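Topology and contacts: notes
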Amino acid sequence: MAGKSNISRVAMKAMGIFGGVQMAGIVCSIVRTKLVALWIGPVGVGLFGLFNQALDTINTAANLGTRQSSVRDISQAVERGDTRLIARIVAVVRRWSLWLGLGGATLTMALAPVLSRCTFGDERHVWGFVALAAAVLLMTVANGEYAVFQGLARLKRLASATLWGTVAGLVISIPLFYYLREKSIVPSIVAYAAGCAFFALVMRDRRHPAPSITPRETVALGKGFVKLGIFMTLGNFVTMLAAYVFNAWLNTHAGTHEVGLYQAGYTLVYKYTGLVLTALGMEYYPRLARVASSKMRLRAFVSQEINIAMIVMAPIATLFILLRGPVVWLLYAPEFSPIVTFASWIMIGTIFRAVSWSIAFVTLAKGAGKVYLATESIDAVTGLVLNIVFYRQWGLTGLGLSFVVWYVLYTILVWVVYRRVFHLTLTGKCLYNVVWALVASLAVLLAMEHGLVAVAAGLTAATVAAGVFMAKKALRL
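What counts and what doesn't
- Residues numbered from 1 in each chain as written.
- Predicted model: local features only at pLDDT ≥ 70, side-chain atom pairs only at ≥ 80, totals over all residues.
- Heavy atoms only, no water.
- Helix = DSSP H or I, 4+ residues; strand = E, 2+ residues; numbered from the N terminus.
- Buried < 20%, exposed > 50% of the residue type's maximum accessible area, 1.4 Å probe, protein only.
- pLDDT = per-residue confidence, 0-100.
- Disulfide = S-S within 2.5 Å.
- Expected span 1.5 Å × (residues − 1).

Details of unusual backbone geometry
Phi angles above zero are rare outside glycine, and Ala153 is one such case at about 65 degrees. Assignment of secondary structure puts Ala153 in the loop between α6 (126-151) and α7 (155-180). Residue Ala153 is classed as partly exposed on the basis of its relative accessible area, which comes to 44%. Despite not being glycine, Arg181 shows a phi value in the positive range, around 55 degrees. The topology assignment puts Arg181 in the loop between α7 and α8 (185-202).

Focus on the confidence of the model for the chain
Detailed reading of the predicted model is not advised wherever pLDDT is low. Per-residue confidence for the chain gives a mean pLDDT of 89; residues scoring 70 or more make up 98%. Across the chain, the secondary-structure element scoring lowest on mean pLDDT is helix α1 (residues 2-39), at 76, and the one scoring highest is helix α14 (residues 369-421), at 96.

So, the state of the cysteines
Two cysteines joined by a covalent bond between their sulfur atoms form a disulfide. Per the counting criterion, the structure on display carries zero disulfides. Between Cys28, a cysteine without a disulfide, and Cys196, which holds the nearest cysteine sulfur, the sulfur-to-sulfur distance is 10 Å. For Cys28, a relative accessible area of 8% corresponds to the buried category.

Some thoughts on α6
With 26 residues, α6 ought to run about 38 Å at 1.5 Å a step, and its terminal C-alpha atoms sit 38 Å apart, in line with that. In terms of residue burial, α6 counts as a mostly covered element, since 20 of its 26 residues are buried. Once α6 ends, the next one or two residues include Ala153, with phi positive near 65 degrees.

The following block contains the structure:
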């Protein structure tokens, strides 16, 4: 029990640290966007969004998924306790990050005219994309250091480097926005990348001096995580493509207004609850990778992570459903009221999302790139078909129901892989906690849909109290 308590304490602490860092990042993003809107106007906001979207796409391709995949190799070297191997893997990750960054930057400069035409319809912004190449290099190098931090379990350093890099980027951007106005957009993006890279390099782990490694050895030692990263990149691409196709379909069949409502509800729940899962994953993934060869420890860690996820998500889900009206009005506007029920159903779906998320990490920890690509591709196509069918039948609310069915099916899919491919099971306790979280959330939603606000409030209070009690018990406070 002491071991489980320690795992819970570390996981909760990591969630608190990275949840705070991500919230700080969101605040910085809001301030940056507000200043652009205030000092530059709609044109500046548009340019800022387009250049950042282009940078995100290029970075995804340039990194080849190594930001996540290399964590596995580093974590497994740490588990072996071989300091020489750790130093070699760390050096290889850094060198591959530099190579990929230089390759991505070179490709960005070469394709600058094409990127300008595709993004803006002309070549007026060619030099903007040429300058953006520097951001590609800097962010890829920073991501390499982030992977090292995570793999070595230097989570406080990772959080500090991320936080200070984000804040530095904002601080440097403010005078640029004020004095350069529209011309400040690309320099501010490069400044943000420079801030991230600077603090990542300044705070980099120096406990393992870089050994002498030839380029051939670098390729040989890195080909495993690069191959896995390529499969992850392809899986993410299929997911993004399916999302794009559905948004285009919805825009064609229902109009931009409906797309706006869909995006508002989806972002409100999916992306913001994703912050909790991302924060938990910072500690969970490397821990899982370290014990990937042990069925007993994998089973224990996955079950424990589901327990923690349910303890956190059940109170969040019930509180959101209870306060959904004020939350939507506060973050958006009264005219976004149609998304209330839709967003509530998505929140129910996040219970299954948290379960499937915990299980799916086993595929990455095992390094099963082909299995990951297959499950993500099946999931993306399933979600696309369900969204179209359910929207045709029930409109916007149907998309919420689609999300629930979608993640039920995805949970079944990853469970089959978990059970049949990796021959693993879950503990009865974690299944009980999943049922508890699901029943509590559904009960509050049904009460709210029937106007029983007092009942919903009582159920929410009971769920939050139970969550606090379970958290204390898990942490042995």
